Amino acid sequence: VLVAASEGWKNYRHQADVLAFYHYLKKNGYDDDRIILIVADDIAYNDKNPLKGVVRREVSGKNLYDGIEIDYRLAELTLADLKSILTSEPSAEYPVTLGSTKNDNVLFFWSGHGTQPGWECKDTEDVSADFARSMFSDMQYRKMFAIIETCYSGGVAQGCTGIPGLLLMTAANPYETSKAAAFDNELQVYLSNTFTSSILSQLERNPQSVIYDLYLHAFDKTNGSHVMVYNPDYYGNLYLNNMSEYYPQ
């Protein structure tokens, strides 16, 4: 489940990071029918984009907009819709849903803004700790690894402790902002975030990373905020559990 929760040119980096994660999953065996991609889709052909149809997260990097299959555009959804997509069966209103069972492992990546009350969605709604706890508790999975790239992201994650099988890794603790990275002078926007860059660089280097090594790398390479892990007591041994559990068999 890949969600870029912001809109607009100034928030370019959130969609770019989500699209980079999408291509990483495709590279590691995921078909589009096993990925739910939710983005605003308003930067590739934005009036401010001199490179029409191009989204990249590195200066002179590859075009991440190529070959993507978007399931929902952010403007179409409310948080209630998102919860239905993750917990309900397919319907006319929600033709694509997660459809996971208690035997499935779910990888969840959310990138956007955050405040101390919650992870922002479209600048109109906040994913509060209560909402996230309800949503994650109502989902079905054997294990779920949620990677959250927002300011103050640890606050909501902290409120999700005690849920069996859930692990959350956040870009920041409950009291600090996360940081953007890779400013593009031509586009006049940031292309990525430091936490997401650290996660993807480690996964590219070793797709089979154990969770603890992924955390250590992210903690070391993320400047300006403290990478946090929440709920390990209800998830499993982070020295033994590795990312291979989240790739198609």
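What this report covers is the structure whose coordinates are included nearby. On a predicted model such as this, the values are computed, not experimentally measured, just so you know.

### Concerning the overall build of the protein
Consideration 1: Per the secondary structure count, the protein includes six helices and 12 strands.
Consideration 2: Relative to a compact globule of 249 residues, whose C-alpha radius of gyration would be 18 Å, the protein shows 17 Å and is just as compact.
Consideration 3: Taken over the C-alpha atoms alone, the protein extends approximately 45 × 45 × 35 Å along its principal axes.
Consideration 4: Relative to its full complement of 249 residues, the protein shows a buried share of 55%.
Consideration 5: Counting only contacts in the protein whose residues sit at least 6 apart along the sequence, the fraction spanning at least 24 positions is 70%.
Consideration 6: Carbon and sulfur atoms provide 47% of the accessible area of the protein, an area that totals close to 10600 Å².
Consideration 7: One finds the centroid of the 20 positive side-chain charges in the protein at a distance of 4 Å from the centroid of its 32 negative side-chain charges.

### Description of the sheet that holds strand β2 (residues 37-39)
Consideration 1: If you trace the seven strands from one edge of the open sheet to the other, you get β3-β2-β1-β4-β8-β9-β12, paired in mixed fashion. Each edge of the sheet is formed by a strand with only one pairing partner; in this case those strands are β3 (72-73) and β12 (228-230).
Consideration 2: Strand contacts of helix α5 (residues 194-205): β4 (105-111), β8 (143-149) and β9 (166-170), with the helix running at about 135° to β8, the strand carrying the most contacts.

### A closer look at the packing of aromatic side chains
Consideration 1: Summed over the entire model, instances satisfying the criterion amount to 13 aromatic pairs.
Consideration 2: Note on phenylalanine 21 and phenylalanine 109: the rings are 4.6 Å apart at their centroids and 25° apart in plane angle, and the pair reads as stacked. Linking phenylalanine 21 in helix α1 (residues 12-27) with phenylalanine 109 in strand β4, this pair joins segments that are 88 residues apart in sequence. Taken individually, phenylalanine 21 and phenylalanine 109 each receive the classification buried, so the pair is uniform in this respect.
Consideration 3: For the pair phenylalanine 108 and tryptophan 110, a centre-to-centre distance of 6.5 Å together with 10° between the ring planes defines the contact as stacked.
Consideration 4: For phenylalanine 108, a relative accessible area of 0% translates into the label buried.
Consideration 5: Tryptophan 110 sits in the buried class, given a relative accessible area of 1%.
Consideration 6: In this structure, lysine 143 is placed above the aromatic ring of tyrosine 235, and the distance from its NZ or CZ to the ring centre is 5.1 Å.

### Some thoughts on the pattern of salt bridges
Consideration 1: Counted according to the given criterion, the structure contains 10 salt bridges.
Consideration 2: Measuring nitrogen to oxygen at the nearest pair gives 2.8 Å for the salt bridge that ties aspartate 184 to arginine 56. Placement of the pair is aspartate 184 in strand β10 (residues 180-184) and arginine 56 in the loop between β2 and β3, with a sequence separation of 128 residues. In this structure, aspartate 184 and arginine 56 share a single accessibility class: buried.
Consideration 3: Taken together, the shared-partner salt bridges connect Arg56, Asp184 and Glu186 into one network.

### A few points about the packing of α5 against helix α6 (residues 211-221)
Consideration 1: Following both chains from N to C, one finds α5 and α6 inclined at 135°, their axes separated by 9 Å at the closest point. Classified by the angle between their axes, α5 and α6 sit oblique to one another. As for how α5 packs across α6, the hand of that crossing is right-handed. Counting all contacts with α5, which are made through Phe195, Ser198, Ile199, Ser201, Gln202, Leu203 and Arg205, the residues of α6 involved are Leu214, His217, Ala218 and Lys221.

### So, the state of the cysteines
Consideration 1: Evaluation of the coordinates by the stated rule reveals zero disulfides.
Consideration 2: Residue cysteine 121 stays outside any disulfide, its sulfur separated by 16 Å from that of cysteine 151, the closest cysteine.

### Topic: the pairing of strand β11 (residues 189-193)
Successive residues of a regular strand alternate their side chains across the two faces of the sheet.
Consideration 1: A large share of β11 lies buried, amounting to four of its five residues.
Consideration 2: Taking the residues that link successive antiparallel strands as the turn, the β10-β11 hairpin has four residues, and the phi of glutamine 188 there is positive, at about 60°.

### A word on α5
Consideration 1: Taking 1.5 Å per residue, 12 residues should reach 16 Å; α5 reaches 17 Å between its end C-alpha atoms and fits that length.
Consideration 2: Along α5, the residues classified as buried are Thr194, Phe195, Thr196, Ser198, Ile199, Leu200, Gln202 and Leu203.

### Describing the side chain of asparagine 241
Consideration 1: For asparagine 241, the position within the fold is in the segment after β12.
Consideration 2: Owing to a relative accessible area of 10%, asparagine 241 belongs among the buried residues under this scheme.
Consideration 3: Not counting chain neighbours up to four residues away, the residues in contact with asparagine 241 comprise Lys143, Val210, Ile211, Tyr235 and Gly236.

### Some points on the environment of tyrosine 239
Consideration 1: Mapping tyrosine 239 onto the fold places it in the segment after β12.
Consideration 2: Distance from tyrosine 239 to aspartate 213, taken between C-alpha atoms, is 7.7 Å for residues 26 residues apart in sequence.
Consideration 3: When neighbours within four sequence positions are excluded, tyrosine 239 is seen to be in contact with Val210 and Tyr212.

Quick notes on the rules
Here the residue index of a chain counts from 1 through its sequence in written order. Since the coordinates come from a predicted model, pLDDT governs what is reported: local features require at least 70, and pairs of side-chain atoms require 80 or more to be given and counted, while whole-chain, interface and lining totals use all residues. Hydrogens and water are ignored here; the side-chain numbers use all heavy atoms of the structure. Counting from the N terminus, the helices are the DSSP runs of H or I reaching at least four residues and the strands are the DSSP runs of E reaching at least two. Radius of gyration means the value over C-alpha atoms here, while the globule rule gives 2.2 Å times the residue count to the 0.38 power. Between buried and exposed lies partly exposed: a residue is buried under 20% and exposed over 50% of the maximum accessible area for its type, with that area taken using a 1.4 Å probe on protein chains only. Should any heavy atoms of two residues lie within 4.5 Å, those residues are counted as being in contact. For the accessible areas, the method is Shrake-Rupley and the probe is 1.4 Å, while residue cover comes only from the protein chains on display. Here Asp and Glu are counted as negative and Lys and Arg as positive; His is not counted, and neither are the chain ends. Charge coordinates come from a single atom per side chain, which is NZ of Lys, CZ of Arg, CG of Asp or CD of Glu. Paired strands, in this sense, are two strands between which DSSP finds at least two bridges. Note on definitions: angles span 0 to 180 degrees between N-to-C directions of axes, and those axes are lines fitted to C-alpha atoms, for helices only across the stretch in contact. Ring geometry is summarised as follows: Phe, Tyr and Trp rings, the Trp one being its six-membered ring, pair when their centres sit within 6.5 Å, and such pairs are stacked at plane angles under 30 degrees, edge-to-face over 60 and tilted between the two. Here, over-ring charges are defined by two tests on the NZ atom of lysine or the CZ atom of arginine: distance to the ring centre within 6 Å, and angle to the ring normal within 35 degrees. Just to be clear on terms, a salt bridge is a Lys or Arg side-chain nitrogen sitting within 4 Å of an Asp or Glu carboxyl oxygen. Roughly parallel covers angles under 35 degrees, roughly antiparallel covers those over 145, roughly perpendicular covers 65 to 115, and oblique covers all other angles. Note on convention: the crossing is left-handed when the near helix lies turned anticlockwise from the far helix by less than a right angle, right-handed when the turn is clockwise. Disulfide: a pair of cysteine sulfur atoms within 2.5 Å of each other. By this rule the span expected of a helix is its residue count minus one, scaled by 1.5 Å.

Interpretation note: all reported values are geometric properties and have no functional meaning in isolation.
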